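Residue-level structure breakdown
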Amino acid sequence: HGCLRKMASRSARSGITLHRILISTLFLSFLSGAWFFLIFHLKYSKLVTQDVNGWLPEYDSDTDIIAKNDKGNTFDLVEESADHSFIRGSSIDRSEDVERSDYEDESSDKDDSDVDQEIKDLQNNFEIETTTTTTSTTTTSTITSEAQQLAQPNTTIEKNRLYCMVPYIWSPRFLHSYHAIHATWGKRCDILRFFIDPIIGDSQVGYYNMTLASDTLAAAKNANLTLPNDVVVLHDMQRPWHSCEESDDEDKTCRNIWEKIWRAWVYVVTGKGGSTPAGSDVMVGANISEWFVKVDADTFLFPENLSRYVKARNWSYNDHHYFGHVLHHRVKDRGVPIVAGAAVFFSRATLLAAADSFQKMPMENGNEEDDGTCGDAFTSTEEVVTAICLKEHSNIIAEPTIDSQGREEISLIEVDDIIVYNRTAMGEWWYWEGKKRFPCHDTGDCLSDLPLAFHGYKDSKFLLGLEKEFYGSVMKGEKDDSLAKRNDNKLAAFNWLNFDRTYNYFERVRAAMRVAAKEEESGSNIEIAKKLPVQGKNRLYCMVPFILAPKSMPSYEAIRNSWGKHCDTLKFFVDPIVKDDEGRFIDLRRSQNGTKMTLPKDVVVVYHIHRPWHTCESKKEGNCRNIWEKVWRSWLWIDDNGESDSSEWFVKIDADSYLFPENVKKYVVDNNMSPDDHHYFGHKLRHTEDRNLPPIVAGSAVFFSRATVKGAAAIFREFKYEEQNMSVRKCMDAHTSSEETLTALCLKQHLGIDAAHALDDLGDELIAVSPIEDSLLWNRTVDGEWWYWKNKPKTDPTTGREVHNCCGDFPIAFHGYKDPMWFYKLEDELYGMDDLPGISDKWKKYKWHNLNETKKYFDRIMRARNARV
């Protein structure tokens, strides 16, 4: 057109006739078309005759390719795994879009549907290169420049790149998903490729074989169908997908997803058996990424959480890992657990093993359904054959992506549906069959806070909605008129089913992702943390229930200046009622008197507490020590705000306790304790057994592993406010100070966790429930069997040595120091302390009333510490 305009302009001046111009134009077009046809034919004839059984050499270290941030994955709406056809969503008929170019320029007329507009808004200048005859030299130079950039080795960051492989069908009615993925989670993949059959189109616009140059031209001309450069045509596929579209034969199977999957993985490793419109694909070879995922187009993926997942487990991509949502219902007939096809993850080592087995597997029975062996087959059960091949050839078994609570990292069904699944109520259908049982299976809410993928969103608008929930306006709290209109003022992309449960879960995900991102920005990521003794795998989170009032502030300062500075995280959890310096009570929930208070950053207000503490000051209420509500709501706050993933170990510690954080870390290491297993320990008291209640951990210092925090929070999340309840015999909200008893009861009843006693190797106590100078004098024979000694064993059954004496050489906590000045005294005795500006030094005059025994014990502590160093 440009040439024609210039010629017409010149003809007006030179007198050349339009007839001659048209003849010249047609002649030039003929020459261009002939040249294009010749090049296209030579290119594809070469690709079609490539040997699939061959291998390309891997890149060496000098040419290790950095992943292109071309983002965007799609799900194959037609090719969803047969085993998982239960998804309630339905594919969208987009036949009205057939006449519209699928990759129009921004200035072109757009379809006016809401989904298309949202995609357009989210794309943020995302441009897709296509193989049209109008590609400019500028575009060509851009591609060349990108390829050169991609070839530069990554030497600045650790590699956990993710290659996203999406099986797809290129048909007008599915293309909305392609755009939606590019506008949402696809942006965060390191490499994205859509793998399609050679046949594109549909019954309305016609079918076109993209291995034929004539069909490629016809598809662009007649159907306006062209392929972007992130699409790979698997031109060696033998089984057409499209012949079933108009077929009434219910027995005919066109969902040959298995062939597409194995050919796609072979292409990823070798570059053979397929091609991209751009011709040469630099994104081939196992070294282009460390991790690989086959992801369905109706899945919403969290690529950044994959890196966090493998780092947290210290996995290497050079080891075999084949993981995802593991199902066991095919074990009985195929002998292997499988990874559900929504998102199937491979390490690099597993990808190489898989591609090798796929190239070597038998092909002679390729037109038969799978028979339980590794081979090519006309089948849609790609998950089963993948698992069989990996097991047969490399003994690689599927690994489930679950956290320590058994919560799934990958949801196979829409989140707002699966969030209420109950295993007992539903029975052992294929979803639950063979899975290890966890408490969340019966309480619902069995999805991880740092998920890898959500599956089942056939309507693209839900992909856009999830983007808003976790990366857009909901996550950022921005004004967005497209959000759901709700009376409770909660921001959400949609009025999800089971809204409250779904909203609360999404809130936890958002909080966990914020924490993870903040840690990574500060450099304290999981991998770095493993190398640091303090911020490593045994970080300690110190949670102090507290009352914010002038008389308690000396304790606040003493804790921060003594043992609190040895915690990895220290936070004070306070009621919403606080007392100011003028003696006024301020309700932070309402701030009705207009008084402004600036709270320290390490103070957390537990806003939803129903029972006030302050009315007891005037003796209006008999029992104001409703510590149980504060404790369970504090644990819930930690999990709801993503902080349960910020540390490995947690302690609820009283404000009159002195803590030894470094000895807590020594204890868990010496006892080979994992934060991903359930642990609930401290000073175990057993007098409660006389009332048919479980043993408890004394409230002076109650320790949870990360797994137990998450499990406890799941329990507490189901609590309802029980205004009149004062019972300590049921796991529920109650108006009581018996937090130790109810904690033990809930953990035992719901998680099967018993209190563990923190003793050293000799059986001596590590936690003193009274001031240390008193505990050192306690004698069981002299004192008799009062509640402290009740039901404790007297001797070690193996050695016969007397146990439960005070105290071990590496103590964990001392309790009972109502005067916070004693904290400075202890800090000075055990660590040495300089004078602090603004802090009274009257503690220097304090004397131990059991001076000799106390000094001897402190000397023993120092000798043990020095010997350890």
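Shown above is the structure to which this text applies.
Since the model is a prediction, treat every value here as computed from it, not as a measurement.

Looking now at the state of the cysteines. Tallied over the full model, the rule gives six disulfides. Paired through a disulfide, Cys542 and Cys567 show a sulfur-sulfur distance of 2.0 Å. One disulfide, between Cys542 and Cys567, carries an S-S torsion of -90 degrees and so falls in the left-handed class. Highlighted residues: Cys542 in strand β15 (residues 540–546) and Cys567 in the loop between α19 (553–561) and β16 (569–574), separated in sequence by 25 residues. Each member of the pair, Cys542 as well as Cys567, is classed as buried. Here Cys731 engages in a disulfide with Cys746; their sulfurs sit 2.0 Å apart.

Under the criterion given, the structure shown has 56 salt bridges. Here Asp445 makes a salt bridge to Arg508, at a shortest N to O gap of 2.8 Å. Of the two residues, Asp445 is situated in the loop between α14 (440–443) and β14 (453–455) and Arg508 in helix α17 (residues 499–522); the sequence distance between them amounts to 63 residues. Residue Asp445 is classed as buried on the basis of its relative accessible area of 8%.

Now for the sheet that holds strand β20 (residues 649–653). Spatial ordering of the open sheet is given by β19-β16-β15-β20-β25-β22-β26, a layout of seven strands whose pairing is mixed. The sheet terminates laterally at β19 (603–605) and β26 (756–757), the two strands that pair on one side only. Inspection of the sheet shows β15 paired to β16 by six bridges, in the parallel sense. Directly across from Cys542, in β16, lies its bridge partner Leu570.

Overall, mixed pairing links the three strands, which are arranged β7-β14-β13 in an open sheet. Looking at strand neighbours, the two that pair on one side only are β7 (299–301) and β13 (410–411), the edges of this open sheet. Sheet topology places β13 next to β14; two bridges connect them, and they run parallel. Opposite Ile410, over in β14, you have Ala453 as the bridge partner. Together, β7 and β14 form the strand contacts of helix α15 (residues 460–470), whose direction differs from that of β7 by roughly 25 degrees.

This next bit is on the side chain of Ser705. Within the secondary structure layout, Ser705 lies in strand β25 (residues 701–705). Of the residues examined, Ser705 reaches a relative accessible area of 0% and is grouped as buried. From its side chain, Ser705 meets the backbone oxygen of Asp677 in a polar contact 2.6 Å long. Setting aside its immediate chain neighbours within four residues, Ser705 contacts Glu648, Trp649, Phe650, Ser674, Pro675, Asp677, His678 and His679.

Bringing the packing of aromatic side chains into the picture now. Within this structure, the stated rule accounts for 67 aromatic pairs. When the ring of Tyr168 is compared with that of Trp170, the centres are 5.9 Å apart and the planes differ by 65 degrees; the resulting orientation is edge-to-face. For Tyr168, a relative accessible area of 0% puts it in the buried group. The interplanar angle of 55 degrees and the centroid separation of 5.0 Å between the aromatic rings of Phe462 and Phe494 together place this pair among those described as tilted. With Phe462 in helix α15 and Phe494 in the loop between α16 (473–476) and α17, this pair connects stretches of sequence that are 32 residues apart.

Here the focus is the nonpolar core. Formed by 122 residues in total, the largest nonpolar core has its most connected members in Trp170, Leu301 and Phe345. Ranked by the residues each element gives to this core, the list is headed by helix α7 (residues 257–270), at 10 residues. If you look at the next biggest cluster of nonpolar residues, it comprises 55 residues, including Ile767, Tyr817, Met833 and Tyr846.

It is worth spelling out unusual backbone geometry at this point. For the bond from Cys806 to Cys807, the omega torsion is 0 degrees, close enough to zero to count as cis. Among the secondary structure elements, Cys807 is positioned in the loop between α25 (780–783) and β28 (813–815). Phi is positive for Asn395, which is not a glycine, with a value near 55 degrees. Within the secondary structure, Asn395 sits in the loop between α11 (382–394) and β12 (399–400). Of the residues examined, Asn395 reaches a relative accessible area of 54% and is grouped as exposed. The phi dihedral of Asn692 falls on the positive side, at around 60 degrees, and the residue is not glycine. Positionally, Asn692 belongs in the loop between β23 (684–685) and β24 (696–697).

Looking now at the packing of helix α20 (residues 627–640) against helix α22 (residues 706–716). Interaxial distance between α20 and α22 falls to 9 Å at its minimum, and their mutual angle equals 115 degrees. Read as a crossing pair, α20 and α22 show a hand that is left-handed. Taking contact as the criterion, the partners of Trp628, Trp632, Trp635, Leu636, Ile638 and Asp639 in α20 are, on α22, Val709, Lys710, Ala713 and Phe716.

What follows covers helix α26 (residues 821–830). Of all 10 residues in α26, eight are buried; the element is thus mostly enclosed. Those residues of α26 lying buried are Met821, Trp822, Phe823, Tyr824, Lys825, Leu826, Glu827 and Leu830. Those residues of α26 that are buried are in contact with α19, β21 (657–659), β28 and α27 (851–868). Backbone geometry just after α26 places Gly832 at a positive phi near 85 degrees.

Our focus in this paragraph is the pairing of strand β4 (residues 206–209). Two strands pair when backbone bridges link them, and strand β3 (residues 199–202) and β4 are joined in this way by four bridges, in the antiparallel orientation. Within β4, the residue paired with Ile199 across the bridge is Asn209. The hairpin turn running from β3 into β4, its antiparallel successor, is three residues long.

A word on α27. Its 18 residues place the ends of α27 26 Å apart at the C-alpha level, agreeing with the 26 Å of an ideal helix rising 1.5 Å per residue. If you check which residues of α27 are buried, you get Thr854, Tyr857, Phe858, Ile861 and Ala864. Looking straight down α27, one finds that the buried residues subtend no more than 120 degrees of arc, so they occupy a single side. Seen from the buried face of α27, the exposed residues on the opposite side, beyond 90 degrees, are Asn852, Lys856, Arg863, Asn866 and Ala867. Along its buried surface, α27 packs onto α24 (772–775), β28 and α26.

When you tally the buried positions in strand β1 (residues 162–168), you get seven out of seven residues, the bulk of the element. In terms of strand pairing, β1 meets strand β6 (residues 291–295) through four bridges, oriented parallel. Paired with Cys164 across the two strands is Val293, which belongs to β6. Pairing between β1 and strand β2 (residues 191–196): six bridges, direction parallel. In the sheet register, Tyr163 faces β2, and the bridge partner there is Ile191. With helix α5 (residues 175–183) bridging β1 and the parallel β2, this β-α-β connection has right-handed handedness.

Rules behind the numbers
Residues numbered from 1 in each chain as written. Predicted model: local features only at pLDDT ≥ 70, side-chain atom pairs only at ≥ 80, totals over all residues. Heavy atoms only, no water. Disulfide = S-S within 2.5 Å. Helix = DSSP H or I, 4+ residues; strand = E, 2+ residues; numbered from the N terminus. Buried < 20%, exposed > 50% of the residue type's maximum accessible area, 1.4 Å probe, protein only. Salt bridge = Lys/Arg side-chain N within 4 Å of Asp/Glu carboxyl O. Pairing = 2+ DSSP bridges. Contact = heavy atoms within 4.5 Å. Axes fitted to C-alpha atoms, helices over the stretch in contact; angles between N-to-C directions. Polar contact = N/O pair within 3.5 Å; in protein donor to acceptor, adjacent residues only side chain to side chain. Phe/Tyr/Trp six-rings, centres within 6.5 Å; stacked < 30°, edge-to-face > 60°. Core = buried A, V, L, I, M, F, W, Y, C linked by side-chain atoms within 4.5 Å. Left-handed = near helix turned anticlockwise from the far one by under 90°. Expected span 1.5 Å × (residues − 1). Arc of directions from axis to C-beta. Right-handed = clockwise from strand over helix to strand, strands pointing away.

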